[in-house]
Amino acid sequence: QQQVKQSPQSLIVQKGGISIINCAYENTAFDYFPWYQQFPGKGPALLIAIRPDVSEKKEGRFTISFNKSAKQFSLHIMDSQPGDSATYFCAAGGTGGGNKLTFGTGTQLKVEL
Amino acid sequence: DTGVSQDPRHKITKRGQNVTFRCDPISEHNRLYWYRQTLGQGPEFLTYFQNEAQLEKSRLLSDRFSAERPKGSFSTLEIQRTEQGDSAMYLCASSLNAGGETQYFGPGTRLLVL
């Protein structure tokens, strides 16, 4: 099963708050888990990515938490800002599959003042 | 700009017409991917190339779709006899090599089939 399930579908957070988006996968062959940010009319842009040999990766205000046994991973956006308002996609890829990416359905984040 | 470029950015066509999209990857990126994204959904994989070789095609890529990367540089995606269900954003991405390297996406070509 190639599916990647993402939740929530939409999220409203106050400025300065923490935004949390969750994803779950089924295919244990996946070994690369990126998060992409997409603004309307634009292509997705990579935010941060993780491999299953680590449980957490942090880059600036963005952190990925990874739970290999549960086959789940999440994105935390600390100190959320209005400029973070966008759609976020988790994805999963496997080197055995040419690293083609299977994307979640997306989370529309709105950060309010 | 040294990013992935796609042309055209928008295309409106009538049902039954053929359309062709072009993708120019980042220079020296040997992997090139095509994805399709419909409104409110994540991108879905269509096909990918390693240099000029097309290595995999999704079931989503019907016989009406064909992709080429003749010299291992730019790629084209052609849709023959377009249908209204083909209306979507067609995204191209490139990466330097396999093994989890970042895929850099272009701005996409938005297709509307009337």
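Please refer to the structure higher up on the page.
A short tour of the structure in this document, coming up.

Rules used in this analysis
- Residues numbered from 1 in each chain as written.
- Chains lettered and ligands numbered in written order.
- Predicted model: local features only at pLDDT ≥ 70, side-chain atom pairs only at ≥ 80, totals over all residues.
- Heavy atoms only, no water.
- Helix = DSSP H or I, 4+ residues; strand = E, 2+ residues; numbered from the N terminus.
- Buried < 20%, exposed > 50% of the residue type's maximum accessible area, 1.4 Å probe, protein only.
- Contact = heavy atoms within 4.5 Å.
- Areas by Shrake-Rupley, 256 points an atom, 1.4 Å probe, with all protein chains shown as cover.
- Lys, Arg positive; Asp, Glu negative; His and termini not counted.
- Charge placed at Lys NZ, Arg CZ, Asp CG, Glu CD.
- Buried area = accessible area lost by both parts, 1.4 Å probe.
- Salt bridge = Lys/Arg side-chain N within 4 Å of Asp/Glu carboxyl O.
- Polar contact = N/O pair within 3.5 Å; in protein donor to acceptor, adjacent residues only side chain to side chain.
- Nonpolar A, V, L, I, M, F, W, Y, C, P; charged D, E, K, R; others polar.
- Pairing = 2+ DSSP bridges.
- Axes fitted to C-alpha atoms, helices over the stretch in contact; angles between N-to-C directions.
- Patch = residues over 30% accessible without salt bridge, like charges linked within 9 Å, V, L, I, M, F, W, Y side chains within 5 Å.

Right, let's talk about the overall build of chain B for a bit. Counting its secondary structure elements, chain B contains zero helices and eleven strands. Beginning at the N terminus, the succession of helices and strands in chain B can be written as β-β-β-β-β-β-β-β-β-β-β. Each principal axis of the C-alpha atoms in chain B carries an extent, and together these give about 40 × 25 × 25 Å. Across the 114 residues that make up chain B, the buried fraction comes to 48%. Taking all contacts inside chain B whose residues are at least 6 apart in sequence as the whole, residues at least 24 apart take part in 53%. Within the structure as shown, chain B displays about 5800 Å² of accessible surface, and the carbon and sulfur contribution to it stands at 44%. With 14 positive and 13 negative side-chain charges, chain B shows a spacing of 7 Å between the two charge centroids.

This part is about the interface of chain B and chain A. Listed as interface residues are 21 residues of chain B and, on the opposing side, 19 residues of chain A. In total, about 1500 Å² of surface goes out of reach between chain B and chain A, with carbon and sulfur atoms giving 52% of it. Residue Glu 56 of chain B pairs with Lys 100 of chain A through a salt bridge whose shortest N-O separation is 3.0 Å. In this assembly, chain B and chain A are joined by six residue pairs in polar contact (both at pLDDT 80 or more). Counting residues per element, the side of chain B that touches chain A draws most heavily on strand 4 (residues 31–37) of chain B, which supplies four residues. Split by residue class, the side of chain B that touches chain A holds eight nonpolar, nine polar and four charged.

Moving on: the sheet that holds strand 7 (residues 65–68) of chain B. Residue and element names in this part refer to chain B. One open sheet accounts for four strands, arranged 1-3-8-7; its pairing is antiparallel. Each edge of the open sheet is held by one strand with a lone partner, namely strand 1 (5–7) and strand 7. Adjacent strand axes in the sheet meet at a mean angle of 15° when their direction is disregarded. Pairing geometry for strand 1 and strand 3 (residues 19–24), over three bridges, is antiparallel.

Another aspect to go through is the pattern of salt bridges. Residue and element names in this part refer to chain A. This model, assessed by the stated rule, comprises seven salt bridges over all chains. Across the pair Arg 61 and Asp 84 runs a salt bridge, and its minimum N-O distance is 2.8 Å. Residue Arg 61 is located in the loop between strand 6 (56–59) and strand 7 (62–67), and its partner Asp 84 is located in the loop between strand 8 (72–77) and strand 9 (86–93); the two are separated by 23 residues in the primary sequence. By relative accessible area, Arg 61 is classed as partly exposed at 26%.

Residues Ile 18, Ile 20 and Met 78 of chain A make up a contiguous nonpolar surface patch of roughly 240 Å² in combined accessible area. Residue classification places Ile 20 of chain A among the partly exposed residues on the basis of a relative accessible area of 36%.

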